[in-house]
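Letter by letter, the chains look like this.
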Amino acid sequence: MQSHWKVLAWMLAGLIVGLLFQAFLDAPAYSGAKWKAAPGGIELVSVAGPSEGSKLQVGQVYDRVIVHRGKAGEESVVELNDPKDADAVRAAAQNGQILWFVASEDPEAEKPAPLALGMDPDSQRAVWIEPFAFFASIFMGLLKMLIVPLVLASIVSGVASVGALKDLRRLGWKTFAYYIGTSLLAVLLGQLLVNLITPGTGAELGLSPASEIGSHVENPLEILRRMVPTNVVSAMTDNGAMLQIIFFALLLGYFITRSAEPHASRMRDFFESFFQVMMKMAEGILSLLPYGVFALLVKVVAGTGVEPFKALLIYMFTVALALVLHACVTLPLVLKFIGGVSPTRWLKAMGPAIMTAFSTSSSSMTLPVTMKTVEERGGVSNKVTSFTLPLGATINMDGTALYECIGVIFLAQYYASVGGEPLTWTAQALVVVMALLASIGAAGIPSAGLVMMLTILSALNLPVEGAALLLAVDRPLDMMRTVVNVWSDSCGAAVIGNSEGELEMPELA
Ligand code: ASP
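All of the points below concern the structure found in this document.

## Points about the overall build of the chain
No. 1: Per the secondary structure count, the chain includes 19 helices and nine strands.
No. 2: Burial analysis of the chain (509 residues in total) assigns 53% to the buried set.
No. 3: Long-range contacts, defined as pairs at least 24 residues apart, comprise 78% of the intrachain contacts of the chain with a sequence gap of at least 6.
No. 4: Total accessible area computed for the chain in this model is approximately 21,400 Å², and 64% of it derives from carbon and sulfur atoms.

## A word on the pattern of salt bridges
No. 1: Under the defined criterion, the tally for this structure stands at five salt bridges.
No. 2: In this structure, the salt-bridge partner of E376 is K372, at a minimum N-O distance of 3.4 Å. Remark: K372 and E376 occur in helix α13 (residues 363-377); sequence separation between them is four residues, near one turn of the helix. Accessibility classification places E376 together with K372 in one group, the exposed group.
No. 3: A salt bridge links D474 to R481; the shortest N-O distance between them is 3.1 Å. Accessibility classification places D474 together with R481 in one group, the buried group.
No. 4: Residues joined by salt bridges that share partners form a network here, namely D474, D478 and R481.

## Quick notes on the nonpolar core
No. 1: Residues Y315, W346 and W487 are the most contacted members of the largest nonpolar core, which totals 144 residues.
No. 2: In terms of residue count, the dominant contributor to this core is helix α3 (residues 124-164) (17 residues).
No. 3: Ignoring sequence-local partners within four residues, the contact set of Y315 consists of P199, Y403, I406, G407, F410, L470 and L477.
No. 4: Residues I42, L44, L56 and F101 belong to the second largest nonpolar core, which totals eight residues.

## A word on the environment of F134
No. 1: Note on placement: F134 falls in helix α3.
No. 2: Residue classification places F134 among the exposed positions, given a relative accessible area of 53%.
No. 3: Residues F134 and A295, spaced 161 residues apart in sequence, show a C-alpha to C-alpha distance of 8.6 Å.

## With respect to the sheet that holds strand β3 (residues 41-46)
No. 1: As summarised here, the arrangement of the three strands in space is β2-β3-β4, forming an open sheet in which the pairing is antiparallel. Of all strands in the sheet, those with a lone pairing partner are β2 (34-38) and β4 (61-62), marking the two edges.
No. 2: Both β3 and β4 contribute to a ladder of two bridges, which runs antiparallel. Its bridge partner being in β4, I42 is matched across the sheet by Y62.

## Focus on a nonpolar patch on the surface
No. 1: The grouping of L325, V329, L333, F337 and I338 at the surface amounts to a nonpolar patch, some 500 Å² of accessible area in total.
No. 2: Among the structural elements, L325 can be located in helix α10 (residues 307-339).
No. 3: In this structure L325 comes out as partly exposed when scored by relative accessible area, which is 31%.

## A short note on the site of the ligand
No. 1: Residues in close proximity to the ligand total 15 residues, the closest being S363, T400, G449, D478 and R481.
No. 2: Separating an oxygen atom of the ligand from a backbone N or O atom of G444 is a distance of 3.4 Å.
No. 3: Between A448 and the ligand, the recorded distance is 3.1 Å, taken from a backbone N or O atom to an oxygen atom.
No. 4: The protein chains hide 100% of the 270 Å² of surface that the ligand would expose on its own.
No. 5: It is helix α19 (residues 474-499) that provides the largest number of residues to the shell around the ligand, a total of four residues.
No. 6: In terms of residue class, the shell around the ligand is made up of four nonpolar, nine polar and two charged.

## Things to note about the packing of helix α12 (residues 351-360) against α13
No. 1: Running from N to C, α12 and α13 cross one another at 170°; their axes reach a closest spacing of 8 Å. Classed by the angle they form, the pair α12 and α13 counts as roughly antiparallel. In this structure, α12 contributes P352, A353, T356, A357 and T360 to the contact, and α13 contributes M365, T366, V369, T370, T373 and R377.
No. 2: Taken together, the residues of the contact of α12 with α13 break down into five nonpolar, five polar and one charged.

## Focus on the side chain of S361
No. 1: Tracing the sequence through the fold places S361 in the loop between α12 and α13.
No. 2: If we ignore the near neighbours within four places in the chain, the residues touching S361 are H4, I445, P446, R475, D478, M479 and T482.

## Describing helix α18 (residues 465-472)
No. 1: Of all eight residues making up α18, seven are buried, and the element is well covered by its neighbours.
No. 2: Of the positions making up α18, those classed as buried are G466, A467, A468, L469, L470, L471 and A472.

## Considering the side chain of T385
No. 1: Tracing the backbone through its elements, the reader meets T385 in helix α14 (residues 382-395).
No. 2: Side-chain polar atoms of T385 contact the backbone oxygen of N382, separated by 3.2 Å.
No. 3: Sequence-distant contacts of T385, defined by excluding residues within four places in its chain, comprise M371, V374, E375, V380 and P390.

## Quick notes on the pairing of β2
Across a regular strand the side chains alternate sides, sitting on one face of the sheet and then on the other.
No. 1: Sheet analysis places β2 next to β3, joined by five bridges and oriented antiparallel. Among the inter-strand pairings, W35 is bridged to a residue of β3, identified as L44.
No. 2: With antiparallel pairing between neighbouring strands as the criterion, β2 and β3 make up a hairpin whose turn holds two residues, including G40 at a positive phi of roughly 85°.

## A few points about the packing of helix α15 (residues 398-417) against α18
No. 1: Packing of α15 against α18 leaves a shortest axis separation of 11 Å and a crossing angle of 125°. In this view, α15 runs oblique relative to α18, as classed from their interaxial angle. Crossing geometry of α15 relative to α18 is assigned as right-handed. Touching G407, F410, L411 and Y415 of α15 are E465, G466, A467 and L470, all from α18.
No. 2: For the contact of α15 with α18, the per-class residue count stands at five nonpolar, two polar and one charged.

Definitions and limits used
Residues numbered from 1 in each chain as written. Predicted model: local features only at pLDDT ≥ 70, side-chain atom pairs only at ≥ 80, totals over all residues. Heavy atoms only, no water. Helix = DSSP H or I, 4+ residues; strand = E, 2+ residues; numbered from the N terminus. Buried < 20%, exposed > 50% of the residue type's maximum accessible area, 1.4 Å probe, protein only. Contact = heavy atoms within 4.5 Å. Areas by Shrake-Rupley, 256 points an atom, 1.4 Å probe, with all protein chains shown as cover. Salt bridge = Lys/Arg side-chain N within 4 Å of Asp/Glu carboxyl O. Core = buried A, V, L, I, M, F, W, Y, C linked by side-chain atoms within 4.5 Å. Pairing = 2+ DSSP bridges. Patch = residues over 30% accessible without salt bridge, like charges linked within 9 Å, V, L, I, M, F, W, Y side chains within 5 Å. Near = heavy atom within 4 Å. Polar contact = N/O pair within 3.5 Å; in protein donor to acceptor, adjacent residues only side chain to side chain. Nonpolar A, V, L, I, M, F, W, Y, C, P; charged D, E, K, R; others polar. Axes fitted to C-alpha atoms, helices over the stretch in contact; angles between N-to-C directions. Parallel < 35°, antiparallel > 145°, perpendicular 65-115°, else oblique. Left-handed = near helix turned anticlockwise from the far one by under 90°.

What follows is the structure, given as structure tokens:
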């Protein structure tokens, strides 16, 4: 519990320091773009700073500018007829509004070029923010560094250890079917809600626009084709190639179990030790989390104010709603109709595991409590719990699965509303598959889900800068999704235990 308070306290401190920076340090908005009046509009002379890399064309004469007024849909078009209008544009840019430049004779005119606004790098506030931004980016770097080895080690060791129990094949298939089935239901629920609520559209996140989202996924079969790495080593050099790494890890784990001794057990032991070491490293890096969150919040709040948090609250609400619906509707229905277990009785029995999950934000740390609770208060045999629960703690993460899907689509919605390509349905299908795999690959430790989200974002060409913003408010969501992860593991043990005739619930006092 202590670490939650620490993270939340540093979150608050970051918010306050950021607000103080904003109130007392000067920083005019800055685009890095220069333009001059030209016949028929304004001509762009150069781009630098935040606008670099945007679709703005130097030398192009733009005859209209769209000024963003805050809320979605509140935009007005400024026709640039008069040389004086160049000054009006400058003034609008100074006020920190996002602008789109439109050139009528440009064949791509229906795709206006966004002008990104940032902070003048020479301003007082930018200078003060610099060290915080520096620390935040090192912290994000450390998290990204963990992705490939942690995913590889966690999946290979998980799959290899299951296969070791040869007489448990049937149980294995049932367990996998439950894990994949419930996680898929969770992701689809997340996808439905985020598309209905659209928390990202028109959000004021203050991130630089991106234009190339997901446009490169045309065909659903393409997703399958991309899962197969042509070169494992090069897949491992790319955080965006998570699908391929997971695919390889699943195969490697499986074939370890098919290999003869002593190779099988040597490899199994190696990956198990590798996994334990990686978990230790992750633990060490995550001990910096409160300070990372602090630095990120100072950077965000000092840069863009509390505006982004309005949208982030709606995003958090969407995740929370999906978690509640999954935990209180979907899983109880599965428990009742597939498992034949009373959901209210099971919930009462699972109290200790649920409380531990909430207070640790870690399925792995909760595992001993989950096993004890499911066995003693749930009455599932040790044979079933010792097989399903350790595997479930790293592989079955329904809460994380739906969270990945909502987080990524939320950011994609935001980027689409500031001039990027909207996610196509095929790209959404890719998000669903990747969210599912990310939940399988995520280790059962705090914030693992957020780290995995970075891989989906890079696979979709979305800037990972957005995930830094989500990290700032991740802890409360992490506590909730860990509860759902552990709750789903326990329901799985009940469903499978009952189908094997290995469940006998005791009367609870
Ligand atoms: N903290 C979660 C867990 O351990 C994983 C996540 O970050 O989503 O279950």
